[in-house]
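Report on the structure
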Amino acid sequence: MDFDPVERPTNWENQLTWRPGAHHFAATLGMSAPRNVWETAVHANSGYELYMRDRLPQAAKAIRRAMLGHAWPQWLGQLLYVTEGELEARDFGRRVECPPFIFEVPADDPDADPLIDLTETHASRAEKLLAADRQPTLFTFLPPDTLIDHSHSRHGYMVPKLPYYKICLPYEPGKPISRLARGLVHEYVHVLENELSQGESPRWLREGLAEWADGELVDQEEVDDLVLLPGEYPRLGEIEGLFSSGHHIDDEEMDYAYAAALSAVAHLADRHGLWDVRDLLARLRKQREGAAFKDAFGESERAFEKAWHQWLKENPVQMPPLL
């Protein structure tokens, strides 16, 4: 499918669909950039706006009406899938309010309270790590098999909806809730990143920082190591291209993108400190990426890449033996 550059809306009616971070959500689910949404049919546009307002029944109705036409874009079917999954969680769940957090948990689930405690604990750790304020967030725990199989999402997704951020995670009652810890940290760090940068941070930084936070805050699972072929040293632009690709890439390529982003951010934090990484996020609100990087770290992205690649050469990851 085609991906056009995301552009800011030209009138107030388009302000809703161009929310900071909306393009990140679209790319995560393999959808077209939000700008395409308001250039399509009226019902498709309405369905997307209603979804971004979290008015799910009305969104599903508008999307189905749009799909009655002879031709409709692929992203519309994906959006309907996501909308129906969130609706199912709402219809068969229980709403618990712990301002500024809201939870949609399975009704009659004995692990509901521990699930909320787990979320609160890891959210507090993420806020402390990034020196960030708590944000209004709705945590929805989806029934099994409601994530799009061909999406770029590894363990859930975050949507910058109008009344609050929304984090959706697949959840199967009866399974250890500790399995959700990594997804909770990863997606809530995306919330904090989005708020700090107003949605302007590049995907390599967003995903790398979220993966790095997983390793810092979650003990039960290791994050992926970067495995390189001899002489292979990824560039930040190449990592960005994998995350922002308009077509589906296989699991091996996506694992490589996450591991490369993690390696870059980990080296950035070691080289300059986490506070300067946070400073970069804040600068990205008003500065272009290259200028923000230079002002935050005192070196260009190219100079950092050179130092990072030299570190990779001196600390090679051994390839597994061929079978």
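Structure's up top.
Looking at the side chain of Glu-211
- Summarising the element assignment, Glu-211 is placed in helix α8 (residues 203-217).
- Taking relative accessible area as the criterion, Glu-211 reaches 1% and is therefore assigned buried.
- In this structure the side chain of Glu-211 is engaged in a polar contact, spanning 2.9 Å, whose partner is the side chain of Arg-182.

As for the pattern of salt bridges
- By the definition in use, this model includes 19 salt bridges.
- The salt bridge involving Arg-271 is made with Glu-299; its shortest N-O contact spans 2.9 Å. Here Arg-271 is found in helix α10 (residues 251-272), whereas its partner Glu-299 is found in the loop between α12 (289-297) and α13 (301-314), with 28 residues between them in sequence.
- The partly exposed category is assigned to Arg-271, whose relative accessible area is 41%.
- One salt bridge connects Arg-283 with Asp-279, and the closest N-O pair in it is separated by 2.8 Å. Of this pair, Arg-283 and Asp-279 both sit in helix α11 (residues 274-283), separated by four residues, roughly a single helical turn.
- Using a relative accessible area of 29% as the deciding quantity, one classes Arg-283 as partly exposed.

Topic: the packing of aromatic side chains
- A complete count under the given rule lists ten aromatic pairs for this structure.
- With centroids separated by 5.0 Å and ring planes inclined at 75°, the aromatic side chains of Phe-101 and Phe-139 adopt a geometry described as edge-to-face. Taken as a pair, Phe-101 in strand β2 (residues 101-106) and Phe-139 in strand β3 (residues 137-142) lie far apart in primary sequence, 38 residues in all.
- Here Phe-139 falls in the buried class, since its relative accessible area comes to 2%.
- Here the guanidinium or amino end of Lys-161 rests over the ring plane of Tyr-51, the centre of that ring lying 3.7 Å away.
- The ring of Tyr-233 carries the charged tip of Lys-313 above its face, separated from the ring centre by 5.5 Å.

So, how was this worked out
Residues numbered from 1 in each chain as written. Predicted model: local features only at pLDDT ≥ 70, side-chain atom pairs only at ≥ 80, totals over all residues. Heavy atoms only, no water. Helix = DSSP H or I, 4+ residues; strand = E, 2+ residues; numbered from the N terminus. Buried < 20%, exposed > 50% of the residue type's maximum accessible area, 1.4 Å probe, protein only. Polar contact = N/O pair within 3.5 Å; in protein donor to acceptor, adjacent residues only side chain to side chain. Salt bridge = Lys/Arg side-chain N within 4 Å of Asp/Glu carboxyl O. Phe/Tyr/Trp six-rings, centres within 6.5 Å; stacked < 30°, edge-to-face > 60°. Lys NZ or Arg CZ within 6 Å of the ring centre and 35° of its normal.

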